[in-house]
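Examination of the molecular architecture
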Amino acid sequence: MIIDRSTGVLVMGITGKQGTFWAEKMRDYGTQIVGGTNPKRAGERHLDLPVWASAKDATGARKIDAAVLFIPPFGVKDAVLDAIDAGIGKIVCLTEHVPVHDTMYVLAAARERGVRIVGPNTAGLVTAGQTFVGFMPAFNPRVFRPGDIGVVSRSGSLGTLVCLNLVQAGLGISSFVGIGGDPIIGTTTRDALEALDRDPNTKAVALVGEIGGTMEESAAEYAAGMTKPVAAFIAGAASPPGKKMGHAGAIVMGKKGSYAGKKAALEAAGVIVSPTPNGIPDVLKAALARQQRVGTTSAQR
Amino acid sequence: MDFEEHAAKPVLRAAGIATPDSGLATTPEAAAEIAQRIGPCVVKAQVPTGKRGKAGGIKLAANADEARAHAASILGMSIAGHVVGRVLVEAQVPIATEMYAAVLNDPVSKGPLLLFSAEGGMDIEELAATRPDALTSIPIDIRHGFKSTEVAARLPDELPCPRDQLVALLGQLYQAYAASDAELLEINPLVLTKDGRLVALDCKLTLDDSAIPRRQDLAAYGTPDKVTALEARGKELGLKFIELEGQVGVLANGAGLTMTTMDAVRHFGGAPSNFLEIGGESYTKAKPALELVLSNPEVKALLVNFCGAFARTDVMAEGVISAWSELKPDLPIFFTIHGTGEDEAIAMVRERLGIEPYDLMDDAVKAAVAAANKGSART
């Protein structure tokens, strides 16, 4: 799910208010926007880009690597199925409040075709200095100065804060992977962690989790075997149990999905869990410095 | 959205699953009348929570007089914070054996998961923890739906009833789950009667909140969230607002950031007075959001944490500043603003309120907590 400046992007729902605003922002940043879709305005140009009726029509005309959806909740199922059918390999679904039965349907279809779905309810993907897909402030150099820290986050706003804190501390961002706040999503924390582990531009990872579900526990199993340092923050330590805190996925039922459980699992895997996001940069700086020292010593031997 | 038993069971009946003859009563007299009609019965408290039996909310009645007496004791009782306003009076069923069946949205397999156990009646989490072997879970491909032959092959070898009969019921359960956009549809216990019928004695339904707009007819029977007056006002405004006990009012955008701001308030020795996020599509509603937070008299300091990705911090800051200037509350306010629109937003706060926003969230939180603690000591 790591994108770069060569990734050709189709903006589904490009003519809407948000689609228009963010398509322009993405293009200005350097994202290869190929065009967009709106069944009612096929054949027109919008932002001086071609508009097709469907993803299928778009891929008939151009090479498209990824689709990003600015589509209302009840239109998401058809739009994603259209993009899968069109042979698009990566689909970023920003929409919040997609019925979960629809999400499960498109994830099953995507799995069969080997398609990567990010979201629903994600803020998108950023590869700093190159490209972004979604609605992250990639163009803000205080938040996304290029560097070598990978960030995975369920939340866009909190992910933004963590990137900003890293940059304030003198570090920089390689890639940001927003996975989304819904209870069932195409790309999990662990999937993102694996991708950042494989990414040659990433030296360390900031893992931003939330109470609810078991994704952080599963990511911890993978983190245990990583050599790249990982620091984490888990939101929701002060949230009352049984209440849905904004994100549909963020709810603690009994012991399952609790802050304590996630913290323990990550710590057992050697991940340092910071009590506030502001603490992440120091943890990563120390870990990277330690690695460098060890690296130098072993090279000297 | 959760459903009480009496509101959930029609979903099963619509799919052809049998439930006992029953009636709903709000008075002991009405309960007695229903018992008169159906004979020996069970009087069951209607609240959207489990463990009603342990709380004394489910009682057997041999006749109308007993039903009246049980209804009198159960009505008005409080179970897990829910006051019982209605009882379901349901005919007793001659039970041969109790089983468990459910379909739920499973985040791990990312699809519907059918659960079955030949041992029903007990709490399913307890069963999963203590007797995992007794629980069969079968992932269903939502695109193809329920396949009888596959399910039949994966059920345990030993079953208390004919395999075909059980598979047919599970198929009906799956239909009901699919047709109602359920997050969870559970029958516990599912009983085999002494005369060989399968009957759903209890039913739990949770409707996916995101699907409510297309399931309005069903949602009309759901249990509305228990909310305070202020929370109800927040809901009307389209804001996710939860009242808490603390003194630091929190206003942030995005669920993750709002939770984090609350966590930081706790971490630095304070207590948040609310959860209020104005992210997503609601980010332009900063003004009504602020009014909500300030209408709680316990609030001693206000902490504004905006981190703009999709949401524009200048739009949100404009809303907060206008409301602040209009309401003129006698409270200290602390800002930390980053992301989309931050330059304009920070300039506005400086110029119109004469306040310097904090560069680090932690510093803003510490200042707000200190001010709130001082404010509380003063009053």
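Residues numbered from 1 in each chain as written. Chains lettered and ligands numbered in written order. Predicted model: local features only at pLDDT ≥ 70, side-chain atom pairs only at ≥ 80, totals over all residues. Heavy atoms only, no water.

**Here we look at the overall build of chain B**
Our working definition: Comment: elements are numbered from the N terminus, with helices defined as DSSP H or I runs of at least four residues and strands as E runs of at least two. The globule rule is 2.2 Å times the number of residues to the power 0.38, and the radius of gyration it is compared with is taken over C-alpha atoms. Partly exposed residues are those whose accessible area sits between 20% and 50% of the maximum for their type, while under 20% is buried and over 50% is exposed, using a 1.4 Å probe and protein chains only. In what follows, residue pairs with any heavy atoms lying within 4.5 Å of each other are defined as contacts. Only the protein chains shown count as cover for residues, and all accessible areas are computed by the Shrake-Rupley method using a 1.4 Å probe. In this tally, Asp and Glu contribute negative charge and Lys and Arg positive charge; neither His nor the terminal groups of the chain are included. Charge positions are represented by NZ for Lys, CZ for Arg, CG for Asp and CD for Glu.
Counting its regular elements, chain B contains 13 helices and 18 strands. The C-alpha radius of gyration of chain B comes to 26 Å, more than 25% above the 21 Å expected for a compact globule of 379 residues. Each of the three principal axes of chain B carries a C-alpha extent, and together these read 80 × 50 × 40 Å. Split into buried and exposed, the 379 residues of chain B put 54% on the buried side. Put simply, 67% of the contacts in chain B that link residues at least 6 apart link residues at least 24 apart. When the accessible surface of chain B is totalled, it reaches about 15,900 Å², and 51% of it is carbon and sulfur. With 36 positive and 51 negative side-chain charges, chain B shows a spacing of 2 Å between the two charge centroids.

**Points about unusual backbone geometry**
Cis geometry is found at the peptide bond from Gly119(A) to Pro120(A), where omega equals 10 degrees. Checked against the element boundaries, Pro120(A) lands in the loop between strand E7 (116-118) and strand E8 (124-127). Omega for the bond connecting Asn188(B) with Pro189(B) falls within 30 degrees of zero, at 5 degrees, which places this linkage in the cis form. Its place among the elements puts Pro189(B) in strand E11 (residues 182-193). Even without being a glycine, Asp48(A) presents a positive backbone phi close to 60 degrees. Here Asp48(A) is to be found in the loop between strand E3 (45-46) and strand E4 (49-52). Here Asp48(A) falls in the exposed class, since its relative accessible area comes to 58%.

**Overview of the interface of chain B and chain A**
Stated formally: Buried area: the accessible surface (1.4 Å probe) lost by two parts on joining, summed over both. Salt bridges are defined as contacts in which a side-chain nitrogen from Lys or Arg sits within 4 Å of a carboxyl oxygen from Asp or Glu. What qualifies as a polar contact is a pair of N or O atoms within 3.5 Å, subject to a donor-acceptor requirement within protein and to the restriction that residues adjacent in sequence count only when both atoms come from side chains. Residues are sorted three ways: Asp, Glu, Lys and Arg are charged, Ala, Val, Leu, Ile, Met, Phe, Trp, Tyr, Cys and Pro are nonpolar, and all the rest, Gly among them, are polar.
Tallying the contact residues gives 56 residues for chain B and 62 residues for chain A. Of the roughly 4,400 Å² buried where chain B meets chain A, counting both sides, 61% is carbon and sulfur surface. Considering only the surface of chain B that becomes buried against chain A, Lys110(B), Arg143(B) and Met259(B) emerge as the three largest contributors, covering 17% of it. Between chain B and chain A we count four salt bridges in total. The residue Arg142(A) makes a salt bridge to Asp359(B) at a minimum N-O spacing of 3.0 Å. In this assembly, chain B and chain A are joined by 16 residue pairs in polar contact (both at pLDDT 80 or more). Here the residues of the side of chain B that touches chain A sort into 24 nonpolar, 14 polar and 18 charged.

**Comments concerning the domain arrangement of chain A**
Residues and elements named next belong to chain A. Condition: In this entry, domain limits derive from an automatic or database-based domain assignment.
By domain assignment, chain A separates into domain 1 (8-118) and domain 2 (140-293). Counting residues at the interface gives nine residues for domain 1, matched by 10 residues for domain 2. With both chains or domains summed, domain 1 and domain 2 bury close to 730 Å², and 55% of this area falls on carbon and sulfur atoms. Sorting the residues of domain 1 by area buried against domain 2 places Leu107, Arg116 and Val118 first, and these three jointly supply 46% of that buried surface. Counting across the interface, domain 1 meets domain 2 through one salt bridge. Counting across the domain 1 and domain 2 interface gives two residue pairs in polar contact (both at pLDDT 80 or more). The set of elements that each furnish at least two residues to the side of domain 1 that touches domain 2 consists of helix H4 (100-113) and E7. In the side of domain 1 that touches domain 2, the residues fall into six nonpolar, one polar and two charged.

**Focus on the packing of aromatic side chains**
Residue and element names in this part refer to chain A. Defined as follows: Between rings of Phe, Tyr and Trp, where Trp is taken as its six-membered ring, a pair exists when centres lie within 6.5 Å; planes separated by under 30 degrees are stacked, by over 60 edge-to-face, and by other angles tilted. Over a ring means this: the NZ of a Lys or the CZ of an Arg is within 6 Å of the ring centre and within 35 degrees of the ring normal.
Scanning the entire structure with this criterion turns up 11 aromatic pairs over all chains. Feature note: the residues Phe21, Trp22, Tyr29, Phe70, Phe132, Phe135 and Phe139 constitute an aromatic cluster, connected by ring pairs. The ring of Phe139 has Lys25 lying over it, and the distance from NZ or CZ to the ring centre is 4.6 Å.

**Quick word on empty space enclosed by the protein**
Remark: the empty space left among the atoms is shown by a probe the size of a water molecule rolled over them. All names here are of chain A. Spelled out, the test is: Cavity and pocket criteria rest on a 1 Å grid covering protein atoms alone: a 1.4 Å probe that fits but cannot get out defines a cavity, protein on both sides within 12 Å along at least 5 of 7 lines defines an open pocket, and an atom within 4 Å of a point defines a lining residue. Grid points are joined across faces, edges and corners, and a volume is the space filled by probe spheres set on the points.
Taken as a whole, this structure holds one cavity of 30 Å³ or more when the rule is applied. Roughly 40 Å³ of volume is contained in the largest cavity. In this structure, the largest cavity is lined by Val76, Val80, Cys93, Thr103, Val106, Leu107, Ile117, Gly119 and Pro120. Elements that contribute at least two residues to the lining of the largest cavity include exactly helix H3 (76-85) and H4. With three residues, H4 is the largest single contributor of residues to the lining of the largest cavity. Considering only residue class, the lining of the largest cavity consists of seven nonpolar, two polar and no charged.

**Re the environment of Leu125(A)**
All names here are of chain A. Considering the arrangement of structural elements, one finds Leu125 in strand E8. Sequence separation between Leu125 and Val151 is 26 residues, and the spatial gap between their C-alpha atoms is 10.0 Å. In contact with Leu125, other than residues within four places in its own chain, are Met1, Ile3, Val92, Val118, Phe132, Val133, Phe176, Val177 and Gly178.

**What to know about the environment of Gly75(A)**
Residues and elements named next belong to chain A. Looking at the element boundaries, Gly75 is found in the loop between strand E5 (66-69) and H3. Taking relative accessible area as the criterion, Gly75 reaches 26% and is therefore assigned partly exposed. Taking the C-alpha atoms as reference points, Gly75 and Asp102, separated by 27 residues in sequence, lie 9.7 Å from one another.

**Quick look at the sheet that holds strand E12 (residues 204-210) of chain A**
Residues and elements named next belong to chain A. Basically, it comes down to this: A pair of strands is labelled paired if DSSP reports no fewer than 2 bridges between them. To define axes, lines are fitted to C-alpha atoms, for helices over the stretch in contact only, and angles between the resulting N-to-C directions are given on a 0 to 180 degree scale.
Taken together, seven strands build an open sheet; the order of strands is E9-E8-E11-E10-E12-E13-E14 and the sheet is mixed. Strands at the two margins of the open sheet, each flanked by one partner only, are strand E9 (131-134) and strand E14 (272-273). Against the sheet, helix H1 (residues 17-29) makes contact with E8 and E9, and its axis sits at roughly 165 degrees relative to E9, the strand it touches most.

**Notes on the pattern of salt bridges**
When the charged atoms of two side chains with opposite charge come close together, those side chains can pair. If you walk through the whole model with that rule in mind, you get 38 salt bridges over all chains. Through salt bridges that share partners, Glu5(B), Lys9(B), Lys44(B), Arg52(B), Glu90(B) and Asp202(B) make up one connected network.

**A short note on the sheet that holds strand E7 (residues 87-91) of chain B**
All names here are of chain B. Strand order in the open sheet formed by four strands is E2-E7-E3-E4, and the pairing between neighbours is antiparallel. A strand with exactly one partner marks an edge of an open sheet, and here the two such strands are strand E2 (22-25) and strand E4 (58-61). Each strand axis lies, on average, 20 degrees off the axis of its neighbour in the sheet, ignoring direction. When strand E3 (residues 41-45) meets E4, the two strands line up antiparallel, connected through four bridges. Within E4, the position partnered with Val42 by the bridge is Leu60. Most of the contacts of helix H3 (residues 64-74) go to E4, to which it runs at about 165 degrees, and overall it touches E3, E4 and E7.

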